[in-house]
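Notes for the structure review
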Amino acid sequence: MLAACACHGGVLAAAQLAAAAATTPPSPTTSLQVLHWWTSASERKAADLLAARLADERIDWQDVAIPGGAGLGAGKVLKGRVLAGDAPEVTQIIGVSIAEWADMGLLLELDNVATAGNWNNFLFPTIRQLIQHRKHVVAAPLGIHRVNTLYYNRALFAQLKLTPPQTWSEFEAAAQRLRAAGVQPLAQSSQDWQVAALFENLVLAESGPEFYRELFVRRSPAAAADRRTAEALRRLRTIKGWIRQPDERPWTDVVGQFARQQAGMMIMGDWAKSELAEHNQTLDQDYGCGAAPGTGNYHLYSVDTLAMFTGDYRHMPAQEKMARLLMTPSVQADFNALKGGVPVRRDADPARMDSCARASWTTFAKGAAVQAPSLVHRMASDETSRDAIIAEVHRYFMDDRVPEAEAQRRLGALFRLFNLRSQGVPGAQDIDRGR
């Protein structure tokens with residue numbers, strides 16, 4: 001009798017354990033530290049989506065989020081950790097920086113994952129080139145951002161009977177009407193990278209992708225001295241005159257200013273769409289979205305990517321599983337819907353995109369002839385060159401006493417120094433920004 005009861009009790013206990021196991025998801029079996037700079041409210045949602053999808057694969061996303069626009073703070077933290085022998089397993093590295101880290105032999109090669117997943121068949125050619133180093137795949141691309149995006153307040157434009165400006169002259173006319181109505185024409189920060197992002201939009205509008213590459217990718221002194229660069233600098237100073245009190249605000253504050261109808265327009269990457277949603281702003285209802293004036297046929301791009309550090313290869317199975325997951329159509333679509341960008345896949349479904357995203361994706365799909373790599377977001381130049389160019393543009397913007405010709409001369413001097421450095425000339429490593 002006792003034996004029967006004990007047996008019956010054992011059956012009940014086993015049944016209870018089985019039921020618990022059926023309702024409780026298995027705990028992650030491995031973890032990956034992920035260093036990134038997605039820290040705004042909307043960016044956090046996109047990062048949390050990736051973490052949740054990884055958890056479904058029994059991988060724990062250990063979050064290392066470093067605040068700071070354009071990843072300036074994250075880059076410093078990453079370098080410090082690598083020097084200390086404490087590199088994270090996964091990190092956000094974008095643009096030319098990918099090759100710089102790969103050159104040191106620190107990035108995990110993802111060739112097996114890319115081959116098995118036929119990445120070459122569905123990635124845009126520009127994206128394929130971006131993530132390859134010496135014929136090896138060394139990063140997983142997440143999404144494409146369009147930096148040349150114009151936002152306009154639909155209520156203010158309707159009230160003043162304005163149409164979205166497509167040219168510089170239309171942009172100036174709209175700005176004058178807005179200012180006359182007591183509204184700041186453009187939401188803009190004087191933070192250095194945000195000023196430089198506005199300037200690269202103006203260069204693209206004035207000259208198109210070929211000259212843009214001559215200036216920011218090839219860093220030609222002749223391009224620095226060109227009248228088109230002078231005109232972009234003049235327009236930058238004109239825009240400064242529309243801003244009541246230039247101050248160094250983070251980009252999220254600029255978005256907030258626009259959302260509160262304290263400015264009629266804003267030029268910023270399409271990541272701002274997601275942040276506007278945090279302010280209960282709806283695309284095509286509260287605000288409109290299009291290409292920055294003069295850039296309707298072009299795509300000034302930045303690409304979100306994650307790379308994996310090699311370490312001792314203990315994390316390699318989880319890192320490869322993560323790279324495979326990031327490329328799936330569902331993750332690409334869902335991540336970019338939250339982040340504001342568009343998938344890196346040529347076979348993405350445009351029907352799942354909003355009007356702004358569809359315009360971005362279809363323009364980028366036209367190929368390299370219409371694409372311009374963002375200087376500010378590390379797509380065009382190495383880190384040192386990028387920082388020096390941004391500093392010179394910012395100096396010109398902040399000091400009204402500096403004429404266009406002086407800014408052009410200083411940029412040309414920097415470019416000549418960059419060219420000497422790339423040729424290995426002794427002493428060319430030291431960049432004197434104060435010349």
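On a predicted model such as this, the values are computed, not experimentally measured, just so you know. (Residues numbered from 1 in each chain as written. Predicted model: local features only at pLDDT ≥ 70, side-chain atom pairs only at ≥ 80, totals over all residues. Heavy atoms only, no water.)

**Topic: the side chain of glutamine 92**
- If you trace the backbone, glutamine 92 turns up in strand S3 (residues 90-92).
- Reaching out from glutamine 92, the side chain makes a polar contact with the backbone nitrogen of tryptophan 37 at a distance of 3.0 Å.
- With near-sequence residues (within four places) excluded, glutamine 92 lies in contact with Leu35, His36, Trp37, Trp38, Asp304, Thr305 and Leu306. (Helix = DSSP H or I, 4+ residues; strand = E, 2+ residues; numbered from the N terminus. Polar contact = N/O pair within 3.5 Å; in protein donor to acceptor, adjacent residues only side chain to side chain. Contact = heavy atoms within 4.5 Å.)

**A word on the sheet that holds strand S9 (residues 263-267)**
- Taken in spatial order, the four strands make up an open sheet running S8-S9-S7-S10, and their pairing is mixed. Every interior strand has two partners, whereas the edge strands, strand S8 (184-187) and strand S10 (287-291), have only one. Across this sheet, the average inter-strand angle for adjacent strands is 25 degrees, counted without regard to direction.
- Bridge count between strand S7 (residues 149-153) and S10: five bridges; the pairing is antiparallel. Counted as the bridge partner of tyrosine 151 is cysteine 289 from S10.
- Across the sheet, helix H9 (residues 168-180) lies against S7, S8 and S9, angled at about 145 degrees from S9, the strand it touches most. (Pairing = 2+ DSSP bridges. Axes fitted to C-alpha atoms, helices over the stretch in contact; angles between N-to-C directions.)

**Focus: the layout of surface pockets**
- One number sums up the size of the largest pocket: a volume of about 390 Å³.
- As for the largest pocket, its lining consists of 24 residues, of which Ala333, Asn336, Ala337, Arg352 and Met353 are closest to the centre.
- Mapped by element, the contributors of at least two residues to the lining of the largest pocket are helix H14 (271-278) and helix H16 (329-339).
- Top element by residues in the lining of the largest pocket is H16. It accounts for six residues.
- Of the residues that constitute the lining of the largest pocket, the class distribution is eleven nonpolar, seven polar and six charged. (1 Å grid on protein atoms, 1.4 Å probe; cavity = no way out; pocket = protein on both sides within 12 Å on 5 of 7 lines; lining within 4 Å. Points joined across faces, edges and corners; volume = space filled by probe spheres on them. Nonpolar A, V, L, I, M, F, W, Y, C, P; charged D, E, K, R; others polar.)

Distances and angles like these do not, on their own, reveal function.
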